[in-house]
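# Results of the structural survey
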Amino acid sequence: METEFFAGIPKIPYVPNAGARNVLCFQHYNAEEVLLGRSMEDWLRFSVCYWHSFCGTGADPFGFQTLHRPWNEGATPMECAKKRLHAAFEFFTKLGVKYYTFHDRDMSPEGRTLEESNSNLDEMTDLALQLQNRTGVKVLWVTCNLFAHSRYMNGAATNPDCHVLAYAGAQVKKGLDVAKKLGAENFVFWGGREGFYSIHNTDVGAELKHMANFFKMAVKYKEKIGLKCQFLIEPKPKEPCKHQYDYDAMSVIGFLKHYELDSHFKLNIEPNHTTLAGHSYEHDVIMASVFGMLGSVDSNTGSPDLGWDTDQFPMDIRNTTMIMKTVIEQGGLQPGGLNFDAKVRRESTDLEDLFIAHVGAMDAFARGLRNAVRIIEEGVITSMVKERYMSFSHGIGQKVVDGSTSLEELEDFVKQNGEPKVTSGKQEKYETVFNHYL
Ligand code: XYL
């Protein structure tokens, strides 16, 4: 019989109105309930991340491990990796989440050579496939860890040494094979060290071109092996680098368009990264969505008062409502989802804290979804915004929209119509109406 890692924790039930003392049941997330023609499970497409929840130790730059997980105790790294995988699948099924995400090196330890790393990965993904088939849990996305090993200290695809870039290429080739084997629905590139600490030693133009060509090779290999997943780039402005090329949604969209890669990629937006870039929580989700580039969301939050990547569980209903409003307006996230790239605090040392954190965040998003549905169904904000832009629905405004007017015609319009009248932006009214739905 397999070890039970979370003994005493049953499958998390849906118990509406269970009260404030009950944190191990969903009070808002009812997976099968249909809202706007789709089940909550399909709108939300929750996913658990492997690295924080099963590899995280609680260590920080000032202190050692605080989280001692039973699945990380074993005679060899491969033995631990197998225990970790069983623990992870027990967690996914008890939580009732259908997706997970992982880096190649979270699931399987790096070997002394590329061949050994790949054979570890083969063994581990054989087991993962068995567990996926047994439980029905699927891979939302796979990614390659191209930032932790010391060989990548000066970057991977933007490394000044082509030998390192080649290593990264070999690793991504295997990562794509793994994605195919496990039926991953997406593949993420997060350029952890694709950037620079000092502009003095950096040829920015060369590095960007190398990175674009690296992505082109990945696209080509994906097509060659018939891998049907969505490629995603995850923006982040800094940390570990002082400056990262994938700074924010608009930087990545500009990069993709410049190198004609935009039809092959979408974005995986992590709100903690968005706030690190100096934007509001929902900013990059909205910007990516407006350009048809929002592929998936790494649902977490930072502490703006701290200002670094704290990867906390998203618990703020205002934020989840904003995100879900955008998700509904674009017709959903599929094949992407809401991945909890979040870790329990190093002081949250009980095993049950992992469940409490995920249940709390899933309920926060379920409430966000329910609120966003009401906002959209009632249409009050939508009609206020529509009214605000009404001047573009006819006459000269319509011509601006069509691109069929000119500066000369705009001048004639002003000569005939004089000064525009002062119109209130009504920010407080919008905020008040929005709060009505929380
Ligand atoms: C770290 C990033 C990564 C990516 C995957 O800040 O969020 O965890 O999500 O490499």
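Placed above this text is the structure.
Residues numbered from 1 in each chain as written. Predicted model: local features only at pLDDT ≥ 70, side-chain atom pairs only at ≥ 80, totals over all residues. Heavy atoms only, no water.

### Points about the state of the cysteines
Enumeration according to the criterion identifies zero disulfides in this entry. No disulfide involves cysteine 162; its sulfur sits 17 Å from the nearest other cysteine sulfur, which is in cysteine 144. Of all cysteine sulfurs, the one in cysteine 144 lies closest to cysteine 241, which takes part in no disulfide; the gap is 18 Å. (Disulfide = S-S within 2.5 Å.)

### A word on the sheet that holds strand 11 (residues 294-298)
Consider a sheet: its strands pair through backbone hydrogen bonds, and that pairing is either parallel or antiparallel. With respect to topology, eight strands assemble into a closed barrel ordered 3-4-5-6-8-10-11-12, the strand pairing being parallel. Between one strand and the next, the sheet's axes are offset by a mean angle of 30°, whatever the strand orientation. Across five bridges, the pairing between strand 4 (residues 99-103) and strand 5 (residues 138-143) is parallel. Bridging across to strand 5, phenylalanine 102 finds its partner in valine 142. Contacts from helix 12 (residues 351-378) reach strand 3 (46-49) and strand 12 (338-340), with the element oriented near 155° to strand 12. (Pairing = 2+ DSSP bridges. Helix = DSSP H or I, 4+ residues; strand = E, 2+ residues; numbered from the N terminus. Axes fitted to C-alpha atoms, helices over the stretch in contact; angles between N-to-C directions. Contact = heavy atoms within 4.5 Å.)

### Details of the packing of helix 14 (residues 395-402) against helix 15 (residues 407-417)
Helix 15 packs onto helix 14 with a crossing angle of 165° between their chain directions and a minimal axis gap of 11 Å. Relative to helix 15, helix 14 is oriented roughly antiparallel. Along this stretch, helix 14 crosses helix 15, giving a crossing that reads as left-handed. Residues Ile396, Lys399 and Val400 of helix 14 pack against Glu409, Leu410 and Phe413 of helix 15. (Parallel < 35°, antiparallel > 145°, perpendicular 65-115°, else oblique. Left-handed = near helix turned anticlockwise from the far one by under 90°.)

### Comments concerning the site of the ligand
In the region of the ligand, the neighbouring residues are Trp51, His103, Trp141, Phe147, Trp190, Glu234, Lys236, Glu270, His273, Asp298, Asp309 and Asp341. Contacts to the ligand include histidine 103, whose side-chain N or O atom sits 2.7 Å from an oxygen atom. At 3.0 Å, a side-chain N or O of aspartate 309 approaches an oxygen atom of the ligand. Protein contact buries 94% of the 290 Å² of open area that the ligand shows by itself. Residues belonging to the shell around the ligand are distributed by class as follows: four nonpolar, two polar and six charged. (Near = heavy atom within 4 Å. Polar contact = N/O pair within 3.5 Å; in protein donor to acceptor, adjacent residues only side chain to side chain. Areas by Shrake-Rupley, 256 points an atom, 1.4 Å probe, with all protein chains shown as cover. Nonpolar A, V, L, I, M, F, W, Y, C, P; charged D, E, K, R; others polar.)

### Here's the deal with the pattern of salt bridges
All told, the structure shown has 20 salt bridges when counted by the stated rule. The salt bridge partner of lysine 236 is aspartate 309, with a shortest N-O separation of 2.7 Å. A residue pair is termed long-range when its members are at least 10 positions apart, and lysine 236 in the loop between strand 8 (230-233) and strand 9 (243-244) and aspartate 309 in the loop between strand 11 and helix 11 (317-329) qualify at 73 residues. Between lysine 399 and glutamate 409 there is a salt bridge; the shortest N-O distance is 2.6 Å. Highlighted residues: lysine 399 in helix 14 and glutamate 409 in helix 15, separated in sequence by 10 residues. Judged by its relative accessible area of 29%, lysine 399 falls in the partly exposed class. A relative accessible area of 26% means that glutamate 409 is categorised as partly exposed. Within this structure, Asp104, Arg105, Glu110 and Arg151 form a network of salt bridges that share partners. (Salt bridge = Lys/Arg side-chain N within 4 Å of Asp/Glu carboxyl O. Buried < 20%, exposed > 50% of the residue type's maximum accessible area, 1.4 Å probe, protein only.)

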